[in-house]
Amino acid sequence: MKVSEVAKKASLKAFNDCPDKEIQTVYISDMVSDIINTKEGSLLVTLQTHKNLVAAANLVDVSAVIFSRGKEPSTDVIELAEKAGIGLYGFDGDTWSLAKKLYEIGLR
Amino acid sequence: MNGKECDHEWEMTNVRNGYLVMEGCFGCGGRLSFFSEEPVPPQDDYREGDHFWSFRGSFQATKFDIRCTKCGHLVNLQDVNALMLCTNCDPDCPVSKAAKEGAEVACWAYVAICPDTTHDKGSCVSDEGIRRLNEYYNQRRSSGSLIKVLPCRMRKSVDQCHGIYLADIGLTELY
């Protein structure tokens, strides 16, 4: 499933405009030290809007990042993600609600 | 299968969670780091020859090795304490220059940080470690950009580097 399809079905807010990528799986984590184990193509769900997160997300080639609980990244984080071609999205609800929604949409 | 004949496919293995601990010597200005797997990382000051090492900080981090899924060849990355994204803060820095060399597509430089931060002992991450990390991070990449992993000895200045460490630095600023 493509990121754009998930963004539409889950009513996500887009923080930037990046190439549409195929999602291989979903990974939920708030620790950079943990994210570096993520598989490529993962849709990363996190509360963390720090620049370190984008640096790690780029290294492991995630398909996109979703910030839950209405968290919004700062301009420099958005710029770095845009350079890396990583789409950043926001979700107003909590991580559990988002996880349920992603599963209902069909992500596994 | 002989490792040299294998078209390696790398996977991460021996993943260890712990702390990246940084120390500095007030006498010589030298810096070093080590990876601690203890529940609480050590913060003791100690003497080592002419050095007096003091705790400078610690961050949760992950260490790992890589192994070929085809031939089983294991690359021990004991000498890699962390990775750091180069932000091209200084165009004259050899890391920044190397990132741009011969790159026809977007290239992201990541610096492999060795324990001997100021390289007082002359050691750094092994050539094989660097080569294999490059293979590992680029083998399944689909985003069209390249990852270039470089040894930290190439950094122009440890003090002026604005690189972004892949460790849990600043993550307590969550709310």
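These numbers come from a predicted model, not from an experiment. (Residues numbered from 1 in each chain as written. Chains lettered and ligands numbered in written order. Predicted model: local features only at pLDDT ≥ 70, side-chain atom pairs only at ≥ 80, totals over all residues.)

### Re the overall build of chain A
Turning to step 1, where the next piece is worked out: The helix and strand inventory of chain A stands at 5 helices and 5 strands.
Turning to step 2, where the next piece is worked out: Reading the helices (α) and strands (β) of chain A from amino to carboxyl end gives α-β-β-α-β-α-β-α-β-α.
Turning to step 3, where the next piece is worked out: For 108 residues, the compact-globule estimate of 2.2 N^0.38 gives 13 Å, and chain A sits close to it at 12 Å.
Turning to step 4, where the next piece is worked out: If you line up chain A on its principal axes, its C-alpha atoms span 30 × 25 × 25 Å.
Turning to step 5, where the next piece is worked out: Expressed as a percentage of its 108 residues, the buried residues of chain A come to 45%.
Turning to step 6, where the next piece is worked out: Sequence separation of 24 or more characterises 49% of the internal contacts of chain A that already satisfy a separation of 6 or more. (Helix = DSSP H or I, 4+ residues; strand = E, 2+ residues; numbered from the N terminus. Rg over C-alpha atoms; globule rule 2.2 N^0.38 Å. Buried ≥ 20, exposed ≤ 12 C-beta atoms within 10 Å, placed from the backbone. Contact = placed C-beta atoms within 7 Å.)

### Some points on the interface of chain B and chain A
Turning to step 1, where the next piece is worked out: The partner chain A presents 18 residues to the 27 residues of chain B that form the contact.
Turning to step 2, where the next piece is worked out: Going through the elements one at a time, strand E1 (10–25), strand E4 (51–68), strand E6 (82–85), strand E7 (107–113) and strand E9 (164–165) of chain B are the ones with two or more residues in the side of chain B that touches chain A.
Turning to step 3, where the next piece is worked out: When grouped by side-chain class, the residues that make up the side of chain B that touches chain A number 16 nonpolar, 7 polar and 4 charged. (Nonpolar A, V, L, I, M, F, W, Y, C, P; charged D, E, K, R; others polar.)

### Quick notes on the packing of helix H3 (residues 51–59) of chain A against helix H4 (residues 75–84) of chain A
All names here are of chain A.
Turning to step 1, where the next piece is worked out: Contact pair H3 / H4: the axes reach a minimum separation of 9 Å and the direction vectors enclose 10°. With respect to H4, the element H3 is oriented roughly parallel. Listed contacts from H4 to Lys-51, Val-54 and Asn-58 of H3 are Asp-76, Val-77, Leu-80, Ala-81 and Ala-84.
Turning to step 2, where the next piece is worked out: For the contact of H3 with H4, the per-class residue count stands at 5 nonpolar, 1 polar and 2 charged. (Axes fitted to C-alpha atoms, helices over the stretch in contact; angles between N-to-C directions. Parallel < 35°, antiparallel > 145°, perpendicular 65-115°, else oblique.)

### Examining the nonpolar core
Turning to step 1, where the next piece is worked out: Judged by nonpolar contacts, the single largest core of 73 residues is most densely connected at Tyr110(B), Val111(B) and Leu166(B).
Turning to step 2, where the next piece is worked out: Look past the residues within four positions of Val111(B) in its chain and what remains in contact with it is Leu83(B), Met84(B), Cys86(B), Val95(B), Leu150(B), Cys152(B), Arg155(B) and Gly163(B). (Core = buried A, V, L, I, M, F, W, Y, C linked by C-beta atoms within 7 Å.)

### Section: the confidence of the model for chain B
Turning to step 1, where the next piece is worked out: Of the residues in chain B, 95% reach a pLDDT of 70 or more, and the chain-wide mean stands at 90.
Turning to step 2, where the next piece is worked out: Among the prediction metrics, the complex's ipTM stands at 0.92, with pTM recorded as 0.91. (pLDDT = per-residue confidence, 0-100.)

### Details of the sheet that holds E9(B)
All names here are of chain B.
Turning to step 1, where the next piece is worked out: Taken in spatial order, the 4 strands of this open sheet run E8-E7-E6-E9, and their pairing is mixed. At either end of the open sheet lies a strand with only one pairing partner, and these are strand E8 (146–151) and E9.
Turning to step 2, where the next piece is worked out: Of the strand pairs in this sheet, E6 and E7 are connected by 4 bridges, and their pairing is antiparallel. If you follow Leu-85 over to E7, its bridge partner there is Tyr-110. (Pairing = 2+ DSSP bridges.)

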